[in-house]
Amino acid sequence: MDQETIDNSGGKIFEFGSYRLGVHTPGTDIDALCVAPKHINRSHFFSILPEKLRSCSDVSKLVTVEDAYVPCIKLIFSGVDVDLLFANIDTRSVSRDMESLDEDYILRGCDFNSIKSLNGRRATDAILKVVPNLRNFQLTLRCIKLWAKNRGVYSNVMGFCGGVAWAILVAYICQQNPNLEVCQLLETFFKYYRLRTWRFDNPIVLGEILNDRNSVSFRIDDPDGRLFYREDRRYLFPIITPAFPSMNSTFNVNQTTRNNMITEFEKAMEITHHIMQKGVDSQITWKRLFKKFPFFKAYQYFIEVQILSATEDIHQKWKGRVESLIKQLLNLLSRLNDNIYKCLEFRPWPKSYNLGNRASEDKGSYLLDDAYYFGIRVKRLGDN
């Protein structure tokens, strides 16, 4: 490679997700995308960049997660958690003046992982374009994110809605009800999604589904069938991203987590309806809506999944692998119950816990640990 190409290569970091939407809070991860020209590839990103970052005094706990569905580098920068993705585009240089990734031609020549990474920013910007009142959207989304986290239904990995899915759900309500205030949007949100018929052929979309491969003049590979949305009976809670190519953001949702979310929608619908009906005379306040779900009091029995590792780098990779297997375990338990027992309820909790001294005798040489839990309830005779 000649020196001129090296000098003019450039590159730029684009933020997306909650930070780009303006709904980030203290402790929230920042999602960022590193865009580079075509001669800088993924192996450079995961081999050279981490070593340079580790030499920075502001960077700590850096791990590379190359086998994730969307590969990234996880790090803490000046006390802030950052997930850094990578995409290289078909150009000799990337200028700092590049403002947008919205045009579809940006995907020309990109590999599968680059397209998934680019669509984080592209979907975020598409959401911002369709909301009629940005302030009302941001306030409503902040409320919904807090509610979902407190009620234990915020985690794409564990089979619930993740950040982009909740943003799309809020954007849809704002789009359909442009003149409502935030309190009215909240009431409408919970009522609409509780009463909605959730089926594979009834997806939430913010506009046209952009999955026509012929709309661009170049080939895009889709090796696992997820890049271009298509109706699939396995999709129980379809929420479609608004940028080309449109994808189902909730392919991890299963029957159990779908039922968990609908149950929480119903509880929230009753609370918000009561508050809006009674007004200042209501004995129930908005604080009730955000009450944390008492997971360890609500269930009789639990399955504990322990994750033990020797180093931080191994732990992050092993934890990601176990999280993907937890979803499969939940599906197996649900099918077993549906086919044989028919008397159990399951609920995964999306937050992991440090085992601490309780596991010290069993950990041996393992220095790091996490534990995930499934709640199990035995339904009484006559329960639905």
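Remember, predicted model here, so these are calculated numbers, not experimental data.

*Asks:* Quick question: what am I supposed to make of the nonpolar core here?
*Replies:* One recurring pattern in soluble globular proteins: nonpolar side chains tend to sit buried together. Trp147, Trp166 and Phe189 are the most contacted members of the largest nonpolar core, which totals 54 residues. Those elements giving two or more residues to this core turn out to be α5 (134–150), α6 (163–176), α7 (182–195), α8 (255–278), β6 (301–309), α11 (312–341) and β8 (368–378). Considering each element in turn, this core owes the most residues, 10 residues, to α6. Not counting residues within four places of it along the chain, the set of residues in contact with Phe189 comprises Ile144, Trp166, Leu169, Val170, Ile173 and Phe265. If you look at the next biggest cluster of nonpolar residues, it comprises 26 residues, including Val35, Leu118, Val216 and Ile220.

*Asks:* What am I meant to see in the environment of Leu333 here?
*Replies:* Tracing the backbone shows Leu333 in helix α11. Residue class for Leu333 comes out buried when judged on its relative accessible area of 18%. Taking C-alpha positions, Leu333 is 39 Å from Gly22, a pair spaced 311 residues apart along the chain. When sequence neighbours within four positions are dropped, the list of residues in contact with Leu333 reads Ile303, Phe346 and Phe374.

*Asks:* For this particular structure, what's the right way to read empty space enclosed by the protein?
*Replies:* Empty space among the atoms can be located by rolling a probe the size of a water molecule over them. In total, this model carries 1 cavity of 30 Å³ or more according to the counting rule given. Roughly 30 Å³ of volume is contained in the largest cavity. Taken together, Pro132, Asn133, Asn136, Cys174, Asn177, Pro178, Leu180 and Leu185 make up the lining of the largest cavity. Of the residues contributing to the lining of the largest cavity, the split by class is 5 nonpolar, 3 polar and no charged.

*Asks:* Explain the sheet that holds β8 here, please?
*Replies:* The pairing of strands in a sheet comes from backbone hydrogen bonds and takes either a parallel or an antiparallel form. The sheet built from 3 strands is open, its strands ordered β6-β8-β7 with antiparallel pairing. Bordering the open sheet on either side are β6 and β7 (344–353), each of which pairs with just one other strand. Here the average twist between neighbouring strands, direction ignored, is 20°. Of the strand pairs in this sheet, β6 and β8 are connected by 9 bridges, and their pairing is antiparallel. Among the inter-strand pairings, Phe302 is bridged to a residue of β8, identified as Gly375.

*Asks:* Honestly, the packing of aromatic side chains in this entry has me stumped. Any pointers?
*Replies:* The relative placement of two aromatic rings is captured by the distance of their centres and the angle of their planes. The tally for this structure, following the rule as stated, stands at 28 aromatic pairs. Pairing Trp147 with Trp166 gives two aromatic rings, centres 5.8 Å apart and planes at 90°, and the pair type is edge-to-face. Here Trp166 lies in helix α6 and Trp147 lies in helix α5, a separation of 19 residues in the sequence. You'll find Trp147 and Trp166 in the same group, each marked buried. With 5.6 Å between their ring centres and 65° between their planes, Phe295 and Phe302 make a pair best called edge-to-face. Judged by relative accessible area, which is 2%, Phe295 ranks as buried. Aromatic rings pair up to connect Trp147, Trp166, Tyr172, Phe189, Phe190, Tyr192, Tyr193, Trp198, Phe237 and Phe265 into one cluster. In this arrangement the basic side chain of Arg213 is found over the ring face of Phe228, its NZ or CZ atom lying 4.3 Å from the centre. Sitting over the face of the ring of Phe293, Arg347 holds its NZ or CZ atom 4.0 Å from the ring centroid.

*Asks:* When you look at the sheet that holds strand β3 (residues 59–65) in this model, what are you seeing that I'm missing?
*Replies:* In space, the 5 strands of this open sheet follow the order β1-β2-β5-β4-β3, with mixed pairing throughout. At either end of the open sheet lies a strand with only one pairing partner, and these are β1 (12–16) and β3. Strand after strand, the sheet turns through a mean of 25° between neighbouring axes, direction not considered. Pairing of β1 with strand β2 (residues 30–37), which is carried by 5 bridges, proceeds in the antiparallel orientation. Bridged to Phe14 within β2 is Leu33. Each of β3 and β4 (72–77) touches α11; the most contacted strand, β3, lies at about 45° to it.

Definitions and cut-offs
Residues numbered from 1 in each chain as written. Predicted model: local features only at pLDDT ≥ 70, side-chain atom pairs only at ≥ 80, totals over all residues. Heavy atoms only, no water. Core = buried A, V, L, I, M, F, W, Y, C linked by side-chain atoms within 4.5 Å. Buried < 20%, exposed > 50% of the residue type's maximum accessible area, 1.4 Å probe, protein only. Helix = DSSP H or I, 4+ residues; strand = E, 2+ residues; numbered from the N terminus. Contact = heavy atoms within 4.5 Å. 1 Å grid on protein atoms, 1.4 Å probe; cavity = no way out; pocket = protein on both sides within 12 Å on 5 of 7 lines; lining within 4 Å. Points joined across faces, edges and corners; volume = space filled by probe spheres on them. Nonpolar A, V, L, I, M, F, W, Y, C, P; charged D, E, K, R; others polar. Pairing = 2+ DSSP bridges. Axes fitted to C-alpha atoms, helices over the stretch in contact; angles between N-to-C directions. Phe/Tyr/Trp six-rings, centres within 6.5 Å; stacked < 30°, edge-to-face > 60°. Lys NZ or Arg CZ within 6 Å of the ring centre and 35° of its normal.

The analysis is restricted to geometry; functional conclusions fall outside its scope.
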